[in-house]
Amino acid sequence: MEHSRILLDYYDNLAIHYDENRFGNTYGQYIHQQEVKILTQILPSITTHNILDLGCGTGRLMAFANYGLDISPAMIQEAQAKFPNKYFSVGHAIKNDFKSHFFHTIFSFHVLMHQNQQETATILSEAYRLLKTGGQFIFDFPSDKRRKLVNHKAQNWHAANQFSLEQIKALTPTQWDFKQSYGLLFLPIHRVPKRFRSLLIPLDNILCQSFLQEYASYLIVVLTKK
Ligand SMILES: C[S@@+](CC[C@H](N)C(=O)[O-])C[C@H]1O[C@@H](n2cnc3c(N)ncnc32)[C@H](O)[C@@H]1O
């Protein structure tokens with residue numbers, strides 16, 4: 001079966017349980033908190049900018065965007081129910097119907113981990129088409145260096161994609177400026193008893209911004225369109 005069809009069927013079936021299944025536990029909640037903190041710091045206002053959540057799923061981060069796109073109609077249905085006044089469309093990150101140079105910012109979380117390296121390069125080209133010059137593309141992916149360190153082997157297609165920062169920079173050096181990167185989840189905070197977490201979170205934040213950043217579980221990068 002074609003890869004996109006597998007993804008679509010998987011998320012269509014998961015849609016009504018997605019929020020609870022992925023973000024109803026301490027692991028999901030910690031990741032959510034960290035992502036919200038970073039987006040709050042770097043995103044422009046949605047009242048004056050066109051912001052797309054690419055692969056918006058059930059709309060977990062749609063408070064930061066005014067447009068959402070997803071391959072799964074059932075995920076879009078959940079998102080639209082939460083945000084009836086925002087614009088949603090069912091479509092593909094690789095090629096979609098949005099106008100060129102329309103968005104100031106595009107962000108995409110937990111989406112590139114599902115694509116292969118060629119698809120990732122194509123998604124970067126499509127994001128480049130959609131963005132205004134100087135616009136930013138913010139996305140996350142599992143860290144290649146962390147996975148090598150812990151000898152992680154992807155079980156199936158689900159999170160089979162991983163990159164180092166060098167690999168991301170090498171994908172399209174002529175189109176993008178590499179602006180910033182963040183690490184996410186260096187220490188296994190979600191596994192630590194709640195009473196110790198407040199002690200470890202500041203340390204996790206320091207490690208995620210240090211020279212060891214690439215050994216965090218996930219990396220978030222900000223590219224700007226040249
Ligand atoms: C793990 S969910 C993440 C949803 C949301 N971004 C979040 O962080 O909660 C992955 C989402 O990406 C969507 N997706 C995967 N590949 C896609 C593609 N090529 N184009 C558009 N959406 C895609 C899936 O349908 C699913 O809703």
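Our subject in this report is the structure included herewith. Residue indices begin from 1 for each chain and proceed along its sequence in written order. The predicted origin of the model limits local features to residues at a pLDDT of at least 70 and limits the giving and counting of side-chain atom pairs to 80 or more, whereas totals for whole chains, interfaces and linings rest on all residues.

What to know about the overall build of the chain
Going along the chain from the N terminus, every DSSP run of H or I of four or more residues is numbered as a helix, and every run of E of two or more is numbered as a strand. When helices and strands are counted, the chain shows eight helices and seven strands. Computed over the C-alpha atoms, the radius of gyration of the chain is 17 Å, within 12% of the 17 Å expected from 2.2 N^0.38 for a compact globule of 226 residues. Once C-beta atoms are placed from the backbone, each residue is buried if 20 or more other C-beta atoms lie within 10 Å of its own, exposed if 12 or fewer, and partly exposed for counts between those two. By the burial criterion, 34% of the 226 residues in the chain qualify as buried. Here the contacts in the chain between residues at least 6 apart in sequence split such that 67% fall between residues at least 24 apart. Between the two quantities, the radius of gyration covers C-alpha atoms and the globule rule is 2.2 Å times the number of residues to the power 0.38. Each residue is represented by a C-beta atom placed from its backbone, and any two residues with such atoms within 7 Å are regarded as in contact.

Some points on the site of the ligand
Think of it this way: take the backbone, place a C-beta atom on it, and check whether that atom is within 6 Å of the molecule or strand, in which case the residue is near it. Residues in close proximity to the ligand total 18 residues, the closest being Tyr11, Gly55, Gly57, Ile71 and Ala93. When residue character is reported, Ala, Val, Leu, Ile, Met, Phe, Trp, Tyr, Cys and Pro are called nonpolar, Asp, Glu, Lys and Arg charged, and the others, Gly included, polar. Of the residues in the shell around the ligand, the class split is 10 nonpolar, six polar and two charged.

Section: the nonpolar core
In these notes, a nonpolar core means any group of buried Ala, Val, Leu, Ile, Met, Phe, Trp, Tyr and Cys residues linked to one another through C-beta atoms within 7 Å. Among the nonpolar cores identified, the biggest contains 49 residues, and Leu52, Ile106 and Ile220 are the most heavily contacted of them. If near-sequence neighbours (up to four positions away) are discounted, Ile220 is found in contact with Ile38, Ile138, Asp140, Ser181, Tyr182 and Leu184.

As for the environment of Asn116
With respect to the helices and strands, Asn116 occurs in the loop between strand S4 (103-108) and helix H5 (117-130). Along the sequence, Asn116 and Thr172 sit 56 residues apart, while their C-alpha atoms lie 16 Å from each other.

Observations regarding the sheet that holds strand S3 (residues 87-90)
Strand order in the open sheet formed by seven strands is S3-S2-S1-S4-S5-S7-S6, with mixed pairing between adjacent strands. Each of the sheet's edge strands pairs with one partner strand only, and the pair in question is S3 and strand S6 (176-184). Direction aside, neighbouring strands of the sheet carry axes that sit 15° apart on average. Following DSSP output, two strands are said to pair if at least two bridges run between them. Sheet topology note: the S4/strand S5 (residues 131-142) ladder contains five bridges and is parallel. Across the sheet, the residue bridging to Phe107 is Ile138, located in S5. In this analysis, axes come from line fits to C-alpha atoms, helices being fitted only over the stretch in contact, and the angle between any two N-to-C directions falls in the range 0 to 180 degrees.

Points about helix H4 (residues 73-82)
Every buried residue of H4 is listed here: Met75, Ile76 and Ala79. Here the buried residues of H4 occupy an arc of 95° about the axis, which is enough to place them on one side. Where H4 is buried, its residues contact helix H1 (3-14), helix H2 (18-23), strand S2 (67-70) and S3. Comment: arc refers to directions from the helix axis out to C-beta atoms.

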